[in-house]
Amino acid sequence: MLMLLPGGGLGMNPTMDDMNLIQAQRHLVRDIGEEIDLEIGPGDDDPSFANTPLLGGPSQEPSAEEQGESKQMSMVSEIPNADQDILKAQPSKRKKKVVKRWREEWADTYKWAYVDVKEGTARIFCSVCKEYGRKHRRNPYGNEGSRNMQMSALEEHNNSLLHKEALRLQMASKDKIVVDKPIYVKALMSKTAGSIIEAALKRDPHEAEFIQSVQEAVHALERVIAKNPHYVNIMERLLEPERMIIFRVPWVDDRGETHVNRGFRVHFNQALGPCRGGIRFHPKMNLSVAKFLGFQQTLKNALSPYKLGGAAGGSDFDPKGKSDNEIMRFCQSFMNEIYRYFGTDKDLPSEEMGVGIREMGFLFGQYRRLAGNFQGSFTGPRIFWSGSSLRTEATAYGLVFFARLILAELNKDVKGLRCVVSGYGKIAMHVLEKLVAVGALPITVSDSKGYLVDEDGFDYMKISFLRDLKSQQRSLRDYSKTYARSKYYDEAKPWNERCDFAIPCGSQNEIDQADAINLVNSGCRILVEGSNMPCTPEAVDVLKKANVIIAPAMAAGAGGVVAGEIELNHECNVMHWSPEDFESKLQEAMKQTFHRALKAADDFGYQKESPESIVHSLSDNRALLHGAVISAFLTIAQAMTDQGCV
């Protein structure tokens, strides 16, 4: 804390003491919350404060006031001792003190200020704008070097539009600054497999999400690569996308102000066919996320019954709080650049986080205008455009069907089992709907601010109420006002709720190590990945050690791929699409995917029967997690080998 006492108080030479303090602290970085001592001399505008040489320099003649003080001190020395004691006992006007409570109040009020020296004078600066208090309009003739006058002027500056705009820009820049998190690298038994991860780290050291997804795949393929070293070269080509498109997306908001976002589209691999993959609009979207999503989609499409290439993309645009016209203008600007890469035989995008029926409608409308042809929707031609595609339902329903397949292998029934679900989007809501239909008891949903738990479980009426809350942009907290047995927890995740299985439908890495421990302690024995890579590597280690069966998203989430290809191949027309036909085809496709993953795991020794387990196929909890990657990779590797080095 900087103490400036113009009237003395630190030693024989108060001016030198002040100078030493200022010189000692001049080059220190001061925090916004630093307390400022406001002890002052007599009056608010003490001229001696501004004229006192705080830094070294030529000496000045003492002021008349100071001469008077020196005369007074000499006169005091001539007074008898008894009288001197009486005078010393009287409080000096020059040592007026600000009480502690008052000083703390000012320190709390002006946390945005700090003290520094400017042109030989101690000034009080604004931490945001780096400006100091100048003459105050209420007293334009006051001494601008006065402590109180500086503070008063700075207070007016703090309320000015200039300061508020600078503060807004500062906060906006802080939001975009992301501290690099060290990439967690797992040890591998094989040096050959380890070299693949080392090469990826060397090439893309800052792409944490992509490196994480590569590690998961390489760990699953360790035995495959050990048996056939030729696959090392295949992996090197597979891990480098065929095409990465990065472009700017300028758009104008409703106030006429221009904004610029960044757009991405990654065509990861087309060895099996044209690309299919989602479009994501989210503030944290970047190239690393686009590559990780594209890589996951490539494996997912290869594992599905329909052989397709993989792609992903989107923008760091945030659709929350935007009007329909603003979203339309952004989508049109986005499509202006990327439309030339889309087409039935090139790349067909689908919905992802932040992109729903409204956004896809705007994107398709601009594509139709630019391309000059009508494809119906990006999921297939001649489908009546009204949001009638069942891709979203297919993804969610497929997750539930996949969970039932796992439970059937364990000789268990889904009826009555408690399920914890995260997320509050389209997939999460359809998961709740299907869980209720099959007799399970879903008890949670979550948003970015917390989670809601209903001990009685959700039913169709409650799910409808949740949808109304979302459409009205109301908080999940309002649910508790209607249903007393529910509770909303702020800044928390649902993974400590008692459950039999879990379906995370939020975003990547939403389950960390602590969350995984909570899941295990809550009784969870099956985790079905509803979102891409929902668990951190540390969380996966915890779940594996606890023998929790993990159904990877590339297998469990293949329902959307199945529905899209059924539409694309004209196997069903929307006018004749019955729920029974839809669910029958979807269940058959999910069953094929499930058994393909188990067979691949069995071929490479991940299903050796343990003596304490009567179930052969899932005795190793790595069976699905590794088998899905192995099956998908072998399919892609065969196509890449047949087509040569392209």
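What counts and how
- Residues numbered from 1 in each chain as written.
- Predicted model: local features only at pLDDT ≥ 70, side-chain atom pairs only at ≥ 80, totals over all residues.
- Heavy atoms only, no water.
- UniProt positions renumbered as here; feature names shortened; annotations may be inferred.
- Helix = DSSP H or I, 4+ residues; strand = E, 2+ residues; numbered from the N terminus.
- Buried < 20%, exposed > 50% of the residue type's maximum accessible area, 1.4 Å probe, protein only.
- Contact = heavy atoms within 4.5 Å.
- Pairing = 2+ DSSP bridges.
- Axes fitted to C-alpha atoms, helices over the stretch in contact; angles between N-to-C directions.
- Parallel < 35°, antiparallel > 145°, perpendicular 65-115°, else oblique.
- Nonpolar A, V, L, I, M, F, W, Y, C, P; charged D, E, K, R; others polar.
- Expected span 1.5 Å × (residues − 1).
- Arc of directions from axis to C-beta.
- Salt bridge = Lys/Arg side-chain N within 4 Å of Asp/Glu carboxyl O.
- pLDDT = per-residue confidence, 0-100.
- Lys, Arg positive; Asp, Glu negative; His and termini not counted.
- Polar contact = N/O pair within 3.5 Å; in protein donor to acceptor, adjacent residues only side chain to side chain.
- Core = buried A, V, L, I, M, F, W, Y, C linked by side-chain atoms within 4.5 Å.
- Domains from an automatic or database assignment.

- Under an unreviewed UniProt entry, the name given to the protein chain is glutamate dehydrogenase (NADP(+)), and the organism recorded is Gossypium schwendimanii.
- What the UniProt record of the protein chain gives under Sequence similarities (unreviewed entry) is the line "Belongs to the Glu/Leu/Phe/Val dehydrogenases family."

**Overview of the overall build of the protein chain**
Step number 1: From N to C terminus, the protein chain includes 24 helices and 15 strands.
Step number 2: Expressed as a percentage of its 646 residues, the buried residues of the protein chain come to 50%.
Step number 3: Put simply, of all contacts in the protein chain between residues at least 6 apart along the chain, 70% involve residues at least 24 apart.

**Remarks on the sheet that holds strand E12 (residues 486–490)**
Step number 1: One open sheet accounts for 3 strands, arranged E10-E11-E12; its pairing is antiparallel. Two strands in the sheet have a free side with no partner beyond their single neighbour: strand E10 (444–447) and E12. Averaged over all adjacent pairs, the angle separating strand axes in this sheet is 15°, with direction ignored.
Step number 2: Pairing analysis gives 4 bridges linking E10 to strand E11 (residues 450–454), with the strands arranged antiparallel.

**So, the packing of helix H8 (residues 191–203) against helix H9 (residues 208–220)**
Step number 1: Two numbers describe how H8 lies on H9: the axes approach to 10 Å, and their chain directions differ by 170°. In terms of their interaxial angle, H8 and H9 are classed as roughly antiparallel. Residues Ala193, Ile196, Ile197, Ala200 and Leu201 of H8 touch H9, and the partners they reach there are Ile211, Val214, Gln215 and Val218.
Step number 2: In the contact of H8 with H9, the residues fall into 8 nonpolar, 1 polar and no charged.

**Observations regarding the pairing of strand E13 (residues 501–504)**
Step number 1: Covered by surrounding structure in E13 are Phe501 and Ile503 together with Ala502 and Pro504, the residues of both alternating faces.
Step number 2: Relative to E13, strand E8 (residues 418–422) runs parallel, the two sharing 4 bridges. By the bridge assignment, Val420 is partnered in E13 with Ala502.
Step number 3: In this structure, E13 lies alongside strand E14 (residues 526–528), joined through 2 bridges in parallel fashion. Across the sheet, Ala502 pairs through a bridge with Leu527, a residue of E14.

**A look at helix H17 (residues 460–471)**
Step number 1: An ideal rise of 1.5 Å per residue puts 16 Å on 12 residues; H17 measures up with 16 Å between its terminal C-alpha atoms.
Step number 2: Taken residue by residue, H17 has Lys462, Ile463, Phe465, Leu466 and Leu469 as its buried positions. Around the axis of H17, the buried residues are gathered within 155° of arc, so they sit on the same side. Exposed residues lying more than 90 degrees from the buried face of H17 are Met461 and Ser471.
Step number 3: Against the buried residues of H17 lie helix H16 (426–437), E10, E11 and helix H18 (477–482).
Step number 4: Looking one or two residues beyond H17, the residue adopting positive phi is Gln473, at roughly 55°.

**What about the pattern of salt bridges?**
Step number 1: Counting across every chain of the model gives 22 salt bridges.
Step number 2: Its salt-bridge partner being Lys462, residue Asp454 comes within 3.0 Å of it at the nearest N-O pair.
Step number 3: For Asp454, a relative accessible area of 0% translates into the label buried.
Step number 4: Since its relative accessible area comes to 8%, Lys462 is described here as buried.
Step number 5: Two residues, Asp478 and Arg474, come together in a salt bridge whose shortest N-O distance is 3.3 Å.
Step number 6: Arg474 sits in the partly exposed class, given a relative accessible area of 37%.
Step number 7: If you follow the salt bridges from partner to partner, you end up with Asp204, Glu207 and Lys291 in one network.

**Thoughts on unusual backbone geometry**
Step number 1: Notably, Gln473 is not glycine yet its phi reads approximately 55°, a positive angle.
Step number 2: Counting through the fold element by element, Gln473 comes out in the loop between H17 and H18.
Step number 3: Positive phi is not limited to glycine here, since Asn509 has a value of about 60°.
Step number 4: Within the secondary structure, Asn509 sits in the loop between E13 and helix H19 (513–521).
Step number 5: The exposure class assigned to Asn509 is partly exposed, which follows from its relative accessible area of 26%.

**A word on the packing of helix H23 (residues 579–603) against helix H24 (residues 623–643)**
Step number 1: The contact between H23 and H24 brings their axes to 7 Å, and the two run at 95°. When the interaxial angle is binned, H23 and H24 end up roughly perpendicular. Contacts between H23 and H24 involve Phe594, Arg596, Ala597, Leu598, Ala600 and Ala601 from the former and Ala623, Leu624, Gly627, Ala628, Ile630, Ser631 and Thr635 from the latter.
Step number 2: When its residues are assigned to classes, the contact of H23 with H24 shows 9 nonpolar, 3 polar and 1 charged.

**Here's the deal with the environment of Gln296**
Step number 1: With respect to the secondary-structure elements, Gln296 resides in helix H12 (residues 287–303).
Step number 2: Sequence-wise, Gln296 and Ala311 are 15 residues apart; in three dimensions their C-alpha atoms are separated by 8.9 Å.

**Topic: the confidence of the model for the protein chain**
Step number 1: Model confidence for the protein chain is summarised by a mean pLDDT of 78, while 68% of its residues fall at 70 or above.
Step number 2: The low-confidence segment residues 69–79, where pLDDT is below 50, has 6 contacts with residues more than four positions distant or belonging to other chains.
Step number 3: Note that pLDDT drops below 50 for residues 571–575; the model gives that stretch 8 contacts with residues more than four away or on any other chain.

**Focus on H9**
Step number 1: Compared with an ideal rise of 1.5 Å per residue, which puts 13 residues at 18 Å, H9 spans 19 Å between its outermost C-alpha atoms and is within 8% of the ideal.
Step number 2: With 10 of its 13 residues buried, H9 lies for the most part within the structure.
Step number 3: Buried within H9 we find Phe210, Ile211, Gln212, Ser213, Val214, Gln215, Ala217, Val218, His219 and Ala220.

**Comments concerning the side chain of Asn301**
Step number 1: By the secondary structure assignment, Asn301 is in helix H12.
Step number 2: Once residues lying within four places of it in the same chain are set aside, the contact partners of Asn301 are Arg276, Tyr306, Lys307, Leu308, Gly309, Gly310 and Val561.

**What to know about the side chain of Glu529**
Step number 1: With respect to the helices, strands and loops of the structure, Glu529 is situated in the loop between E14 and helix H20 (537–545).
Step number 2: The charged side chain of Glu529 is buried without a salt bridge, its nearest counter-charge being Lys300 at 8.8 Å.
Step number 3: Polar side-chain contacts of Glu529 include one of 3.0 Å to the backbone nitrogen of Ala553.

**Remarks on the nonpolar core**
Generally speaking, nonpolar side chains in soluble globular proteins are found buried as a group.
Step number 1: Grouped together as the largest cluster of nonpolar side chains are 106 residues, with contacts concentrated most on Leu466 and Phe501.
Step number 2: If you count residues domain by domain, this core takes at least three from each of domain 2 (241–386) and domain 3 (392–581).
Step number 3: For Phe501, the residues in contact, after removing those within four places along its chain, are Ala403, Val414, Leu417, Arg418, Cys419, Val420, Leu435, Ala440, Cys524 and Ile526.

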